[in-house]
Amino acid sequence: MTQAFLTHLQGELRGIEADGLMKRERLITSPQGARIDVGGREVLNLCANNYLGLADHPDLIAVAKQAMDDHGYGMASVRFICGTQDLHTQLEERLAAFLGTDDAILFAACFDANAAVFEPLLGPEDAIISDSLNHASIIDGIRLCKAKRYRFANSDMDDLEAQLKAARDAGARHVMIATDGVFSMDGYLAKLPEIRALADRYDALLMVDDCHATGFMGPKGAGTPAHFGIKADILTGTLGKALGGAIGGYIAGPQAVVDLLRQRARPYLFSNALPPSVVAAGIEAIRLVEEGDALRAQLFENAKYWRAGLTRLGFDLLPGEHPIIPVMLGEAQLAQDMASRLFDEGVYVSGFFFPVVPKGKARIRTQMNAALTRDDLDKALAAFEVAGKATGVI
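This report concerns the structure included in the present document.

Conventions we followed
Residues numbered from 1 in each chain as written. Predicted model: local features only at pLDDT ≥ 70, side-chain atom pairs only at ≥ 80, totals over all residues. Heavy atoms only, no water. Helix = DSSP H or I, 4+ residues; strand = E, 2+ residues; numbered from the N terminus. Buried < 20%, exposed > 50% of the residue type's maximum accessible area, 1.4 Å probe, protein only. Axes fitted to C-alpha atoms, helices over the stretch in contact; angles between N-to-C directions. Parallel < 35°, antiparallel > 145°, perpendicular 65-115°, else oblique. Left-handed = near helix turned anticlockwise from the far one by under 90°. Contact = heavy atoms within 4.5 Å. Nonpolar A, V, L, I, M, F, W, Y, C, P; charged D, E, K, R; others polar. Salt bridge = Lys/Arg side-chain N within 4 Å of Asp/Glu carboxyl O.

Glancing now at the environment of Ile 286. With respect to the helices, strands and loops of the structure, Ile 286 is situated in helix 12 (residues 276–290). For Ile 286, a relative accessible area of 0% corresponds to the buried category.

If you want it as structure tokens, here you go:
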């Protein structure tokens with residue numbers, strides 16, 4: 001590697017640091033949970049996607065351990081060569097039944113699922129219409145596809161209809177609308193009933209990334225389509241959030257879609273199969289989720305209490321009903337200063353800033369968890385009051 005190239009990279013890093021945009025990681029020395037050990041201290045954790053508190057659930061740990069005894073540590077292969085076990089097909093069948101689809105196909109992560117879903121299904125004669133706030137994985141997946149690209153303003157149904165008309169006027173063979181079910185930086189829910197109606201009117205397909213909904217939104221936690229009582233044509237999602245928090249993604253949909261993806265989806269064909277421990281725990285996680293009405297009720301009660309407490313203290317919040325509750329701060333450095341002061345007060349959060357969110361829209365994204373107690377939330381609110389006053393936010 002040349003010195004000129006290394007010097008260039010060092011300059012880029014200095015620029016990131018100077019702009020207050022440097023992301024830093026803290027070492028966790030305990031299992032993921034409502035309380036975690038970081039740097040020798042126990043702190044309240046308000047920034048994990050562990051919505052139902054299952055990441056350290058003893059049943060998942062026991063099943064994962066047993067799977068390693070029964071099925072080994074790893075597959076050392078891709079699925080179609082010698083990497084498919086009975087557990088993989090069992091999990092795919094359970095996901096399909098849980099989500100109400102014909103079948104499902106597993107990936108290493110939902111980022112891979114979103115990288116896989118578009119290119120095998122759509123060609124140059126087709127069109128994809130994407131919400132402007134879609135996750136980076138959807139954006140990257142669309143870039144890998146040769147279909148014509150259209151974009152509509154976040155949740156703007158007039159703009160979506162205009163883009164549907166434009167795609168149809170351009171002679172698109174097949175049109176797919178792609179949207180997050182929940183926009184993770186803001187906690188906003190997509191307007192799925194209106195999107196479904198427009199999709200039907202213009203003979204378009206609806207693809208929904210439901211990572212921040214599966215397990216806790218809708219009846220039995222089946223996600224945003226179930227929450228709204230509508231049908232998505234294709235669902236992508238993850239095992240890495242409410243479903244235990246490990247790793248793994250999936251695409252669920254009609255049989256022909258899944259069958260073609262098994263033949264042509266490059267992240268599936270050229271990546272190792274998920275390890276047995278993760279797959280077995282995923283099956284068990286679906287059972288816990290289907291029986292988890294009490295956990296879901298606690299999660300949303302916590303979210304309601306937390307939102308009311310932050311509002312009472314005078315913080316600027318984005319409106320919503322989701323357990324993602326962003327505290328808006330504006331500037332990247334302020335978000336980092338606030339997060340640092342909160343850590344001093346025993347609360348672990350992360351500042352979100354460009355390029356994760358637009359410049360000038362920096363925030364702390366707080367996330368509720370069913371395992372948090374009322375005492376935990378009161379302590380966290382007291383910490384937010386101290387930190388907010390110390391940084392001049394309130």
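This paragraph deals with the packing of helix 13 (residues 293–313) against helix 15 (residues 374–390). The contact between helix 13 and helix 15 brings their axes to 10 Å, and the two run at 25 degrees. Compared by their axis directions, helix 13 and helix 15 come out roughly parallel. Between helix 13 and helix 15 lies a crossing whose hand is right-handed. When helix 13 is examined against helix 15, the residues Glu 301, Asn 302, Tyr 305, Trp 306, Gly 309, Leu 310, Arg 312 and Leu 313 are found in contact with a partner set consisting of Arg 374, Leu 377, Asp 378, Ala 380, Leu 381, Phe 384 and Glu 385. Of the residues in the contact of helix 13 with helix 15, the class split is eight nonpolar, two polar and five charged.

The full count for this structure, using the stated rule, is 23 salt bridges. The salt bridge involving Glu 290 is made with Arg 94; its shortest N-O contact spans 2.9 Å. Highlighted residues: Glu 290 in helix 12 and Arg 94 in helix 4 (residues 86–99), separated in sequence by 196 residues. We classify Arg 94 as partly exposed; its relative accessible area is 24%. The partner of Lys 389 in a salt bridge is Glu 385, with the nearest N and O atoms 3.2 Å apart. Of this pair, Lys 389 and Glu 385 both sit in helix 15, four residues apart, which is roughly one turn of the helix. Exposure remark for Lys 389: the relative accessible area of 53% places this residue in the exposed category.

Function-wise, these values are silent; they only describe arrangement.
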